[in-house]
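Breakdown of the fold
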Amino acid sequence: MKKMAVLMMTAFAFSATVPAFAAEMTKEEKDMCLLASKNCAGEVDTLQKKVKKLQAEIKKGKKVYSAEELKKLEQKLKEANDMVDALMKQGGGGK
Amino acid sequence: MGFKKQTLALAAAAALTAATAVPALALENEFHGMFRLKGVVNNFNATPVINSPEGVPYGFYKPDNLDKKVPTATYIEQRARIMYIAKANDDLKLVTHFEIDSRWGDASYTNARNKGGAIGADTVNIETKSVYLDFNCPLTGSNVKVGMQPYYDAFKGVLFDADMAGLLVSRSFGKLDAAAGFFRFDDKGTIPGKKTRDMVAATAKYAVTKDIKVGGAYYFIDDDRSETDTFVRDYIIQQQGDTNTVHNIGVNAEANLGLVTIDGFFLYQFGSLRAPVSRHVSAFAGNVGARGKIGPGTARTEFLYVSGDKGGSSTTNAFQSVQDEHGFYNGNMQLLFRDAYAMTIDNAIVYTSNNKDQGVIAGFIGYDLPITSKLSTSVNAGFAAVAKDNGNKPVNPVTGQANKSSYLGTEVNASVDYKLFDNMTASVRGAYVILGDYYNGVAAGAEDPRDPYMGSLILNYAF
């Protein structure tokens, strides 16, 4: 009887966990890089995303970052904005 | 070699490979870029009314003694820019920036810049814009940029704004940001360093408070190229000596007053245009701009004055902007001033700040209205007049007389922008210029030239 109960419980436990496990496995098995160009190895932020992320971090202010770190983030934000400017910069002058 | 020894040798080789590979792995490879497509229908760009002394489609508007009816030009051009940055760490990186332009249908199977848009493509057309080293000096704490780099003036681009070879050292001292640099624009002699055009730059910006910044800049431009070098291409309808020296000294300021942000500058020039012109230079440019939230959008306004010269005296008041390697884009004009979205085909009524030694007086207003998170519009209006009349003013071909008016015209334009993706926007734009009395009766048969217009469709992708 005891054996039976343990078996039943084990079976129940498996029945409950297996579908969840299976679902997770399926998700994990999907190569989102090939499927949707997401989560690829070596993926880097676009400049727009980088600017947004930096702005969000700077907004956290001194509660999270030291003055030195904030300065560094601000410098990186300036660099990213300068890069956007350089890329989008007008100019041709027929040249 | 026994199995154990082989294993040991393999392990040693692997360790060595890993050890040598680590610094390479630490290198961060950063790619960025943009793609722009511009389709145009107009009676302005790439038409006979554009003055193109070098036979290429760029320059000033010049309807003098031409048919008042300008043929409609339609074209599609594209530009791609690729930026590769090899970043060793936060303090050291190599920046490279390349550009590929063409007009659809222009040429193929050739070696030429700005070509390769015809069927078959296969054109050698990649341009190098920038190649420079950017590092934070561990000895001085300053940032150093050395090589071919983008650099622009502290005066909204009225003097220079271009890629140039040089060395720029910047450093912050608390609230003060200072920079000094040396740039070589040209080196034309048979012996390098003898016939050069160089610039020495010194700039500073001081944050009085979080919202108020004041700055100053000095640029010394010394042009020692000789008379054997042609200035026709460099300085478009701008009086120059065979050699020239110009000192540029100015101040700028920006104040965020809550609802409104105000900024502006004043720049004075002195120096000389040497033989055969032999004239002193005393010229200036000034600007005030403001922008602020009004209703659901942002209103903008700018005023610009650039001094001009009548000619005939020992001193010229013509502002000495650096050929067409600059541009004032804050007015958001498309025809009156150079278009910020212009690519290889790039023309304007006021094409340079110097404006054929006439200078310019201009005012602009604009309003940017976001409609949804993806859709926005912008409307702009601007007027321009020459600051001084001189021999470059067009004349009535019948009477041979120039108009008294210095009023060049008024532009109205609008654009609708739709964000297809976070980093891609499609824009539809229209611009119309009501020509001023400066141009009255200057077309063939003493007719008034037709007002310029442009309709354009633009796709912009940046990453």
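Residues numbered from 1 in each chain as written. Chains lettered and ligands numbered in written order. Predicted model: local features only at pLDDT ≥ 70, side-chain atom pairs only at ≥ 80, totals over all residues. Heavy atoms only, no water.

**A closer look at the interface of chain B and chain A**
The interface of chain B with chain A comprises 35 residues on the first partner and 20 residues on the second. Between chain B and chain A lies a buried interface of about 2400 Å² when both sides are counted; carbon and sulfur atoms form 47% of it. Seen at the junction of chain B and chain A, the total is six salt bridges. Here chain B is connected to chain A by nine residue pairs in polar contact (both at pLDDT 80 or more). The element contributing the most residues to the side of chain B that touches chain A is strand S1 (residues 28–42) of chain B, with five residues. Classifying every residue of the side of chain B that touches chain A by side-chain character gives 12 nonpolar, seven polar and 16 charged. (Contact = heavy atoms within 4.5 Å. Buried area = accessible area lost by both parts, 1.4 Å probe. Salt bridge = Lys/Arg side-chain N within 4 Å of Asp/Glu carboxyl O. Polar contact = N/O pair within 3.5 Å; in protein donor to acceptor, adjacent residues only side chain to side chain. Helix = DSSP H or I, 4+ residues; strand = E, 2+ residues; numbered from the N terminus. Nonpolar A, V, L, I, M, F, W, Y, C, P; charged D, E, K, R; others polar.)

**Comments concerning the packing of aromatic side chains**
Residues and elements named next belong to chain B. Counted according to the given criterion, the structure contains 17 aromatic pairs over all chains. Centre to centre, the rings of Phe60 and Tyr351 are 5.6 Å apart; their planes meet at 75°, and the pair counts as edge-to-face. With Phe60 in strand S2 (residues 58–60) and Tyr351 in the loop between strand S16 (346–348) and strand S17 (360–370), this pair connects stretches of sequence that are 291 residues apart. Aromatic side chains Phe328 and Phe337 sit 6.2 Å apart centroid to centroid with 65° between the ring planes, which places their arrangement in the edge-to-face category. Side by side, Phe328 and Phe337 carry an identical accessibility label, which is buried. Among the aromatic residues, those joined into a ring-pair cluster are Tyr151, Phe155, Phe160, Phe183, Tyr219 and Phe265. (Phe/Tyr/Trp six-rings, centres within 6.5 Å; stacked < 30°, edge-to-face > 60°. Buried < 20%, exposed > 50% of the residue type's maximum accessible area, 1.4 Å probe, protein only.)

**A closer look at helix H3 (residues 47–60) of chain A**
Here H3(A) spans 20 Å end to end across 14 residues, near enough to the 20 Å set by a 1.5 Å rise per residue. Taken as a whole, H3(A) has its buried residues at Leu47(A), Val51(A), Leu54(A) and Ile58(A). Angularly, the buried residues of H3(A) cover 70° about the axis, an arc narrow enough to put them on a single face. Considering only its buried residues, H3(A) is in contact with helix H4 (67–88) of chain A together with S1 of chain B. Looking one or two residues past H3(A), Gly61(A) carries a phi angle of roughly 65°, positive in sign. (Expected span 1.5 Å × (residues − 1). Arc of directions from axis to C-beta.)

By themselves these figures say nothing about function.
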